[in-house]
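# Fold and geometry: a report
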Amino acid sequence: MEKYKAIVFDMDGTVLDTLDELTKSLNYVFARHGLPALTQDAIRPCLGFGYDGFIDKAAPDAPESLRRTMTEKFIAYYSAHCQTTTFPYDGIPQVLGRLKAAGYHMAIVSNKGQGAVSELHDEYFKDYVDFSLGETPMYRKKPAPDMVWEALKRLGCAKDDAIYVGDSEVDKETADNAGLDAALVTWGFRDRDFLESLQPTYLIDTREELGELFGV
């Protein structure tokens, strides 16, 4: 699509299937604090808010001090296991490759910590995407627009020439706050009906549709 020159992607639930590993890591921590395990379906709505937000939503009745302890343990465990059962969604590398060949500038912006984001970028996306930004003290996490604006600055692209692609209400709000159009994909962490209610610029059901949106 000639309208856009740059594409900023969310990571988890958009280009990378991390649900199994996030569930296993969370339940590892929960088991060590006597909390019952959660299913993948139960944790899907908890994702997209960063590490603290994930724990807060997954264990809302736990004391604040315990939640922060579990966050630290989750980060440590997940950082050591984030590539065990995590892979790009089928067809994503091919779409990214075609987008790169077509001349699009691309970045990934995630509320996941920068350490894990860097590892996953190097493993799966370095051949396609210019860089990946994760949560650090330097920038407010999504839905604040800071990381998206930093990505556009590094890409040398104005916000009017860019689009944000994600899979949740956090991503829609991020796009709105950053002044970008939003494309939401339905294969991630939220149900299609819910995503449709957010009224994104585009709602995308398949990887083929993602490529077609940009003419690749």
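Residues numbered from 1 in each chain as written. Predicted model: local features only at pLDDT ≥ 70, side-chain atom pairs only at ≥ 80, totals over all residues. Heavy atoms only, no water.

In the nomenclature of an unreviewed UniProt entry, the protein chain corresponds to HAD family hydrolase from the organism Megasphaera intestinihominis.

## A closer look at the sheet that holds strand E7 (residues 181–185)
A sheet is described by the order of its strands in space; here six strands give the open sequence E5-E4-E1-E6-E7-E8, paired in parallel fashion. Each having just a single partner strand, strand E5 (131–135) and strand E8 (202–204) make up the two edges of the open sheet. Strand-to-strand twist of the sheet, defined as the mean angle between neighbouring strand axes without regard to direction, takes the value 20°. Inspection of the sheet shows strand E6 (residues 162–166) paired to E7 by four bridges, in the parallel sense. When the sheet's bridge partners are listed, Tyr164 is paired in E7 with Ala182. (Pairing = 2+ DSSP bridges. Helix = DSSP H or I, 4+ residues; strand = E, 2+ residues; numbered from the N terminus. Axes fitted to C-alpha atoms, helices over the stretch in contact; angles between N-to-C directions.)

## Some details on helix H4 (residues 64–81)
The α-helix advances 3.6 residues per turn, and as a result positions three or four apart in sequence lie on the same side. The terminal C-alpha atoms of H4, which comprises 18 residues, lie 25 Å apart, in line with the 26 Å expected from a rise of 1.5 Å per residue. Along H4, the positions that sit buried rather than exposed are Arg67, Met70, Thr71, Phe74 and Tyr78. All buried residues of H4 fall inside an arc of 115° around its axis, so they share one side. In H4, the exposed residues that point more than 90 degrees away from the buried face are Ser65, Glu72, Ala76 and Ala80. Of the surrounding elements, those touching the buried residues of H4 are helix H1 (19–31), helix H3 (50–58), strand E4 (105–113) and helix H6 (114–125). (Expected span 1.5 Å × (residues − 1). Buried < 20%, exposed > 50% of the residue type's maximum accessible area, 1.4 Å probe, protein only. Arc of directions from axis to C-beta. Contact = heavy atoms within 4.5 Å.)

## What to know about the environment of Ala62
Inspection of the secondary structure puts Ala62 in the loop between H3 and H4. A C-alpha to C-alpha distance of 9.4 Å links Ala62 and Leu35, two positions 27 residues apart in sequence. With near-sequence residues (within four places) excluded, Ala62 lies in contact with Arg67 and Met70.

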